[in-house]
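Here are the chains, one letter per residue:
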Amino acid sequence: EAEDALKGLEKADNTFRTPLYRALLCRKKGESDKCREIYKQMEKDFPDDWMVFFGISELCVLEGDYGKAIEYMYLAREKQEEPRFADTYEALAQLYEITGDYGKAIATLEDELKLFKEDWGFDSGETADFVRRNIARLKKMK
């Protein structure tokens, strides 16, 4: 069923989404090598699209390769234009927490607060408070 849906998408979409979904499907079918080949091709075909690297990072997480996931998430962050989104900061903080590096998770969330101020012009409200609560929670775990 997913293969049929992907064939339909391939006819209508020429963005990174089609190969990303193909890679997810390959991974689900146990075709890890083919999945990784698709990653490499995505990097070549869409070298400036931050969402490509974000998606590849998520695939690395599914494979349990947190080190690679972190590398790709940093690449995704570097490729974003201002104003940048907080997605990569949130994802990196979660990756660092999963790997037990609470110090880096906290530092990443502190950088997220700077992002809010520098790129979006706010440092208060629920969005910022949510990050501050996560920082406080992580400090207790450290």
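Residues numbered from 1 in each chain as written. Predicted model: local features only at pLDDT ≥ 70, side-chain atom pairs only at ≥ 80, totals over all residues. Heavy atoms only, no water.

Student: Could you give an account of the environment of Glu43, with specific residues and numbers?
Tutor: One can find Glu43 in helix α3 (residues 32–45). Glu43 sits 97 residues away from Lys140 along the chain, and the two C-alpha atoms are 39 Å apart. Once residues within four sequence positions are removed from consideration, Glu43 is found in contact with Val52, Phe53, Ile56 and Tyr72. (Helix = DSSP H or I, 4+ residues; strand = E, 2+ residues; numbered from the N terminus. Contact = heavy atoms within 4.5 Å.)

Student: I'd like to hear about the packing of α3 against helix α4 (residues 50–62), residue by residue, with values.
Tutor: Packing of α3 against α4 brings their axes to within 10 Å, and their N-to-C directions diverge by 165°. It follows from the interaxial angle that α3 and α4 lie roughly antiparallel. By crossing handedness, the relation of α3 to α4 is classed as left-handed. Packed against α3, whose contacting residues are Tyr39, Met42 and Glu43, the element α4 presents Val52, Phe53, Ile56, Leu59 and Cys60 at the interface. (Axes fitted to C-alpha atoms, helices over the stretch in contact; angles between N-to-C directions. Parallel < 35°, antiparallel > 145°, perpendicular 65-115°, else oblique. Left-handed = near helix turned anticlockwise from the far one by under 90°.)

Student: Can you explain unusual backbone geometry? Please cite residues and give values.
Tutor: Cis rather than trans, the peptide bond between Glu82 and Pro83 has omega equal to -5°. Take Pro83: it is sitting in the loop between α5 (66–79) and α6 (87–98).

Student: Give a description of the side chain of Thr88 that names residues and reports values.
Tutor: Note that Thr88 resides in helix α6. Excluding anything up to four places from it in sequence, Thr88 contacts Trp50, Phe54, Met73, Ala76, Arg77 and Gln80.

Student: Kindly report on a nonpolar patch on the surface, identifying the contributing residues and their values.
Tutor: The grouping of Tyr21, Leu24 and Leu62 at the surface amounts to a nonpolar patch, some 260 Å² of accessible area in total. Position of Tyr21 among the secondary structure elements: in helix α2 (residues 17–28). Owing to a relative accessible area of 39%, Tyr21 belongs among the partly exposed residues under this scheme. (Patch = residues over 30% accessible without salt bridge, like charges linked within 9 Å, V, L, I, M, F, W, Y side chains within 5 Å. Areas by Shrake-Rupley, 256 points an atom, 1.4 Å probe, with all protein chains shown as cover. Salt bridge = Lys/Arg side-chain N within 4 Å of Asp/Glu carboxyl O. Buried < 20%, exposed > 50% of the residue type's maximum accessible area, 1.4 Å probe, protein only.)

Student: I'd like to hear about the nonpolar core, residue by residue, with values.
Tutor: Val52 and Ile56 are the most contacted members of the largest nonpolar core, which totals 38 residues. When contributions to this core are tallied by element, the ones reaching two or more residues are α2, α3, α4, α5, α6, α7 (102–120) and α8 (126–141). In terms of residue count, α4 provides more of this core than any other element does, 7 residues in total. When residues no more than four places from it in sequence are discounted, the contact partners of Val52 are Phe16, Met42, Glu43 and Phe46. (Core = buried A, V, L, I, M, F, W, Y, C linked by side-chain atoms within 4.5 Å.)

Student: Explain the pattern of salt bridges residue by residue, including any values.
Tutor: Across all of its chains, the model carries 11 salt bridges by this definition. One salt bridge connects Arg36 with Glu63, and the closest N-O pair in it is separated by 3.6 Å. Of this pair, Arg36 sits in helix α3 while Glu63 sits in the loop between α4 and α5, and the two are 27 residues apart along the sequence. Judged by relative accessible area, which is 35%, Arg36 ranks as partly exposed. Put simply, Asp111 and Lys114 hold a salt bridge, and the shortest N to O gap is 3.7 Å.

Student: Any chance you could break down α6 for me, citing the residues and the numbers?
Tutor: For α6, with 12 residues, the first-to-last C-alpha span of 16 Å sits near the 16 Å given by 1.5 Å per residue. Listed in full, the buried residues belonging to α6 are Thr88, Tyr89, Glu90, Ala91, Leu92, Ala93, Leu95 and Tyr96. Packed against the buried residues of α6 are α4, α5, α7 and α8. With its phi angle positive at about 85°, Gly100 sits one or two positions after the end of α6. (Expected span 1.5 Å × (residues − 1).)

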